[in-house]
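Reading the structure
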Amino acid sequence: MADFRSSVIIHKPVKEVFDYIASMENTSEIMPNVVKMEKLTEGPIGKGTKFKETRSVRGNTVNADVEMVEYEQDKLFKTRSNSNGLIVEYTYIFHEIKEGTQVELDASVKTSGLRMRLTKYFIVKMVKREDGFQLDYLKEMLEDEKSEDE
């Protein structure tokens, strides 16, 4: 079960929306706290692709190992990040609709250790505050791109 969800309609084709976000190189555009996303594995992005994420959290640099754990071109992908026992999974689902693309995000936060389990509620709130608006930012980036091209 997701700890938080969001959904957005983007007036762009599914392939363009999927490719933009699934490449992971644009992560800092839609998640402002992410400073850098470095691809660690060779070859095209797909299930098993690994990344190193660097974020700025309250003035501190925090790294996380990120893996693409599911990948179905133009339909869905799921990432799992692990930073010191805090595991965050993001599942992105893409639907082609008349207006363009509907993107859904399901976010799940998993904690380990007693201290983290006791503070999970606050951790979820923090993750949602940091990353909960990524689909809004995605929409803004892709649709602003369209208006610049016109």
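Residues numbered from 1 in each chain as written. Predicted model: local features only at pLDDT ≥ 70, side-chain atom pairs only at ≥ 80, totals over all residues. Heavy atoms only, no water.

Per an unreviewed UniProt entry, the chain is named SRPBCC family protein, and its organism is Cytobacillus citreus.

Digging into the pairing of strand S5 (residues 76–83)
Cut-off, in case you're wondering: Exposure is judged per residue with a 1.4 Å probe applied to protein chains only, and the accessible area is read against the type maximum: over 50% gives exposed, under 20% gives buried, and values in between give partly exposed. What counts as a helix is a DSSP run of H or I of at least four residues, what counts as a strand is a run of E of at least two, and both are numbered from the N terminus. For two strands to count as paired, DSSP must find a minimum of two bridges between them.
The element S5 is largely enclosed, with a buried count of six among its eight residues. Bridge analysis of strand S4 (residues 60–72) against S5 gives seven bridges, and the strand direction is antiparallel. By the bridge assignment, Glu 70 is partnered in S5 with Lys 78. The hairpin turn running from S4 into S5, its antiparallel successor, is three residues long, and Asp 74 in that turn takes a positive phi close to 65°. Here eight bridges tie S5 to strand S6 (residues 86–97), and the two strands are oriented antiparallel to one another. Paired with Arg 80 across the strands is Glu 89, a residue of S6.

What to know about the environment of Met 68
Which entries qualify depends on this criterion: Contacts between residues were defined by any pair of non-hydrogen atoms, one from each residue, lying within 4.5 Å.
Topologically, Met 68 is positioned in strand S4. Counting along the chain gives 10 residues from Met 68 to Lys 78, while the straight-line C-alpha distance between them is 5.8 Å. Setting aside anything within four residues of it in sequence, one finds Met 68 in contact with Ala 22, Met 24, Ile 45, Gly 46, Lys 47, Gly 48, Thr 49, Phe 51, Phe 77, Lys 78 and Thr 79.

With respect to the nonpolar core
Here is the rule we go by: Buried Ala, Val, Leu, Ile, Met, Phe, Trp, Tyr and Cys residues form a nonpolar core when they are joined through side-chain atoms within 4.5 Å.
The biggest cluster of nonpolar side chains holds 33 residues, and the ones touching the most others in it are Phe 77, Tyr 90, Tyr 92, Phe 94 and Leu 138. Per element, the largest residue contribution to this core is six residues, and it comes from helix H1 (residues 14–22). Setting aside anything within four residues of it in sequence, one finds Phe 77 in contact with Phe 18, Ile 21, Ala 22, Met 24, Met 68, Glu 70, Tyr 71, Tyr 90, Thr 91, Tyr 92 and Phe 94.

Here's the deal with the sheet that holds strand S1 (residues 4–10)
The condition that has to hold: Helix axes use the C-alpha atoms of the stretch in contact, all axes being lines fitted to C-alpha atoms, and the angles between their N-to-C directions lie in the range 0 to 180 degrees.
Strand order across the open sheet formed by seven strands is S1-S7-S6-S5-S4-S3-S2, with antiparallel pairing between neighbours. Bordering the open sheet on either side are S1 and strand S2 (34–39), each of which pairs with just one other strand. The mean angle between the axes of side-by-side strands here comes to 20°, regardless of whether they run parallel or antiparallel. In the packing of H1 onto the sheet, the strands contacted are S1, S4, S5, S6 and strand S7 (100–110), and the crossing angle to S6 comes to about 165°.

Overview of the packing of aromatic side chains
Just so we agree on the cut-off: Pairing of aromatic rings covers Phe, Tyr and Trp, the last counted by its six-membered ring, and requires centre-to-centre distances within 6.5 Å; plane angles under 30 degrees mean stacked, over 60 mean edge-to-face, and any other angle means tilted.
Tallied over the full model, the rule gives seven aromatic pairs. Ring centres of Phe 77 and Tyr 92 lie 4.6 Å apart, and the angle between their planes is 25°; this geometry places the pair in the stacked category. Within this pair, whereas Phe 77 is found in strand S5, its partner Tyr 92 is found in strand S6, the two being separated by 15 residues in sequence. Here the two residues Phe 77 and Tyr 92 agree in accessibility, since each one is buried. Ring centres of Tyr 121 and Phe 122 lie 5.2 Å apart, and the angle between their planes is 85°; on these two criteria the pair is classed as edge-to-face. Given the relative accessible area of 55%, Tyr 121 is considered exposed. A network of ring pairs unites the aromatic residues Phe 18, Tyr 71, Phe 77, Tyr 90, Tyr 92 and Phe 94 as a single cluster.

Brief notes about the pattern of salt bridges
Quick note on the threshold: For this document, the term salt bridge refers to a Lys or Arg side-chain nitrogen within 4 Å of an Asp or Glu carboxyl oxygen.
With the rule as written, the count across this model stands at 11 salt bridges. The shortest N-O distance in the salt bridge between Glu 89 and Arg 80 comes to 2.5 Å. Judged by its relative accessible area of 5%, Glu 89 is buried. Each of the salt bridges in this network shares a partner with another, and the network as a whole consists of Glu 53, Arg 55, Glu 130 and Asp 131.

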